[in-house]
Amino acid sequence: MAISSYPFDNQAVTESQWSALFRELSSGVAASADSTAYKVTADSTGMKVKVQPGFALLRGHAVQSTATETLTIAAADSAARTDAVVLRLDPSTNGITLAVLKGTPGSASPTLTQTETGVYEIRLAWVAVGASVTTITAANVTEARQFVRGFTGSWWTSTRPASPRLGDLGFNRTTTEWEFWSGSDWTPLAPAVSWSSVTGKPSTFAPTAHGHAWGEISGKPTTFAPAAHAHAWGEISGKPTTFAPASHSHSWSSVTGKPSTFAPSSHSHSSYLTSGSTISWANGSKKPHANSVTGSGTYYAVWVEGDGTFARNTSSIRFKENVRDYRIDPADVLALRPVIYDRKPKAGQSAEDARKGEVGLIAEEVEPHLPWLINYLNNEVDGLRYDLLGVALLPVVQDQAERINSLESRLAALEAHLGEAA
């Protein structure tokens, strides 16, 4: 008979028939992508890794483990290598087993065997085996499981199905995007749209010089000008190229903010520093800002230069030159570790009297990531420029804003695509 169908009651079904049926599902771990099914771990107990229980499908065959399995990693070589922990289907033995593929020192991880009728392997994890090491730690294990659920799957870019079919759909954990096999390439289900990829757009923008009738303009004032108002200097057209426009003068009476006498009067300044490095508070400046402070004017943050000179903190372009963009990696900012700590007691001070529970950062931990925040004294790490932490945070906020905009754009494109499909 040229046509056969199965399975039905009171009918024998062969291994090859079941395999042909279930291999229509892609191979992988049959569980949620965030589960521990067949997850490979290490706990520094020698040259060993552990594989958690789970259920998986390999080319139409099923395998289930109900207990944690321990696998031995081959002894380290004199050069580093990468091994692979795999599930291996071997039809000749009628079984699926866990195995470790030993890598070649100095080369890439070993290649999987995936045949249609013989041995078929799927990777569960990479294991980095350092030169001459005697133990495998958790940091040496890199996840590489691929998952299957219904007719969709989950994988990394490096573990995509080896023989995809047109329309195969899955979640790529490397790019965090849904993708499908177009017949020639893996294509994002909701690709990002850039201006260059938009079709039918005008060759110039605006397409041609044009105008609008006053009646077509919305949001215009009811009267012109509506009321007394001001304009920023950058909005004014036809202004002179230099300021002042021409040589001129101002009378003394028209100058505001001048002192009542010039110089106000004969005066002197007492030393604000006593012997050593102690600041004298005789002038009353120990008062907190805006609490019984007398006088007027601008308040400044004060720096103390290396030679002991006091200077105000300035940011105007008038004090700067050679200004250029500075690249800050958001990962360096996110690597900083806030801590709480107690100060060491000063000479002659008991530990109980030392300052407790201060919050901040450790300069030596910041230095590898953001060395420009570090102050040095006698060629040693001494302090941090906490006033510049706000500058370091800007790329983190900008990076998150770009990611949010990108996600919103892709979500809108996906909704539009689904709306058209409906």
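Now for a quick tour of the structure. Note that this is a predicted model, so its numbers are computed, not measured. (Residues numbered from 1 in each chain as written. Predicted model: local features only at pLDDT ≥ 70, side-chain atom pairs only at ≥ 80, totals over all residues. Heavy atoms only, no water.)

**Topic: the overall build of the chain**
The following threshold applies: Under the scheme used here, helices are H or I runs from DSSP no shorter than 4 residues and strands are E runs no shorter than 2 residues, and both carry numbers assigned from the N terminus. Throughout, exposure labels follow a simple rule: accessible area from a 1.4 Å probe, protein chains only, divided by the maximum for the residue type, with under 20% read as buried, over 50% as exposed, and the rest as partly exposed. Here a residue-residue contact requires only that any non-hydrogen atoms of the pair lie within 4.5 Å.
On a plain count of helices and strands, the chain comes out with four helices and 21 strands. Evaluated residue by residue, the chain yields a buried proportion of 20% over its 422 residues. Contacts in the chain between residues far apart in sequence, at least 24 positions, make up 46% of those at least 6 positions apart.

**What to know about the sheet that holds strand S8 (residues 95-101)**
Formally: If DSSP finds at least two bridges between two strands, the strands pair. Between N-to-C directions, angles cover 0 to 180 degrees, with each direction set by a line fitted to C-alpha atoms, over the stretch in contact for helices.
Strand order in the open sheet formed by four strands is S8-S7-S9-S10, and the pairing between neighbours is antiparallel. Two strands close off the open sheet at either side, each with one partner strand: S8 and strand S10 (141-143). Taking each pair of neighbouring strands and ignoring which way they run, the sheet shows an average axis angle of 25°. Relative to strand S9 (residues 120-129), strand S7 (residues 81-90) is paired through nine bridges, and the arrangement is antiparallel. Note on S9: the bridge partner recorded for Val 85 is Ala 125.

**Overview of the side chain of Glu 121**
As a reminder of what qualifies: Polar contacts here mean pairs of N or O atoms no more than 3.5 Å apart (in protein, one a potential hydrogen donor and the other a potential acceptor; neighbouring residues in sequence count only if both atoms are side-chain atoms).
Its location among the elements puts Glu 121 in strand S9. In this structure the side chain of Glu 121 is engaged in a polar contact, spanning 2.7 Å, whose partner is the side chain of Arg 88. Beyond its immediate chain neighbours, meaning those up to four positions away, Glu 121 contacts Val 86, Leu 87, Arg 88, Leu 101, Leu 112, Thr 113 and Gln 114.

**Considering the pattern of salt bridges**
Applicable threshold: Just to be clear on terms, a salt bridge is a Lys or Arg side-chain nitrogen sitting within 4 Å of an Asp or Glu carboxyl oxygen.
Evaluated as defined, the whole model comprises 14 salt bridges. Ionic pairing is found between Asp 77 and Arg 81, a salt bridge with its closest N-O pair at 2.9 Å. A relative accessible area of 2% places Arg 81 in the buried class. Note that Lys 102 is salt-bridged to Asp 77, the shortest N-O span being 3.8 Å.

**Notes on the sheet that holds strand S2 (residues 40-41)**
Pairing in this open sheet of three strands is antiparallel, and the strands run S2-S3-S6 from one edge to the other. A strand with exactly one partner marks an edge of an open sheet, and here the two such strands are S2 and strand S6 (69-72). Bridge count for S2 against strand S3 (residues 48-51) is two bridges, and the pairing is antiparallel. Following the sheet pairing, Thr 41 is matched in S3 by Lys 50.

**Here's the deal with the packing of aromatic side chains**
Rules: Centre distance within 6.5 Å is the pairing criterion for rings of Phe, Tyr and Trp, where only the six-membered ring of Trp is used; planes under 30 degrees apart are then read as stacked, over 60 as edge-to-face, and the remainder as tilted.
Tallied over the full model, the rule gives four aromatic pairs. Ring geometry for Tyr 326 against Trp 372: centres 5.8 Å apart, planes inclined by 85°, an arrangement best described as edge-to-face. One end of the pair, Tyr 326, is in the loop between strand S17 (310-312) and helix H2 (330-334); the other, Trp 372, is in the loop between helix H3 (363-366) and strand S20 (374-377), with 46 residues separating them in the sequence. Given the relative accessible area of 26%, Trp 372 is considered partly exposed.

**Some points on the environment of Lys 48**
Residue position: Lys 48 is located in strand S3. Spatially, the C-alpha atom of Lys 48 lies 5.6 Å from that of Leu 71, the residues being 23 residues apart in sequence. Contact partners of Lys 48, with chain neighbours within four places excluded, come to Ala 42, Thr 70, Leu 71, Ile 73 and Ile 136.

**What to know about the side chain of Ser 27**
Examined against the element boundaries, Ser 27 turns out to sit in the loop between helix H1 (15-22) and strand S1 (28-29). For Ser 27, the side chain forms a polar contact with the main-chain nitrogen of Arg 59, separated by 2.8 Å.

**Some remarks on the pairing of strand S5 (residues 61-65)**
Residue alternation in S5 divides its side chains into a buried set, His 61, Val 63 and Ser 65, and an unburied set, Ala 62 and Gln 64. Relative to S5, strand S4 (residues 54-58) runs antiparallel, the two sharing five bridges. What sits directly across from Leu 57, in S5, is Ala 62. Linking S4 back to S5 in an antiparallel pair, the connection comprises two residues, with Arg 59 at a positive phi of about 45°.

**Here we look at the nonpolar core**
Filter applied, for reference: Working definition of a nonpolar core: buried Ala, Val, Leu, Ile, Met, Phe, Trp, Tyr and Cys residues. They are joined through side-chain atoms within 4.5 Å.
One finds Val 49, Leu 87 and Ile 136 to be the most contacted residues of the largest nonpolar core, which totals 26 residues. Elements with a minimum of two residues in this core: S3, S4, S7 and S9. The element contributing the most residues to this core is S9, with six residues. Counting residues in each nonpolar core, the second largest holds 13 residues, with Val 333, Ala 363, Leu 384 and Ala 392 among its members.

**Quick word on the pairing of strand S21 (residues 380-384)**
By the bridge criterion, four bridges tie S20 to S21 in an arrangement that is antiparallel. Note on S21: the bridge partner recorded for Tyr 376 is Val 381. Hairpin connection between S20 and S21: a loop of two residues separates the two successive antiparallel strands, and Asn 378 in this loop has a positive phi of roughly 55°.

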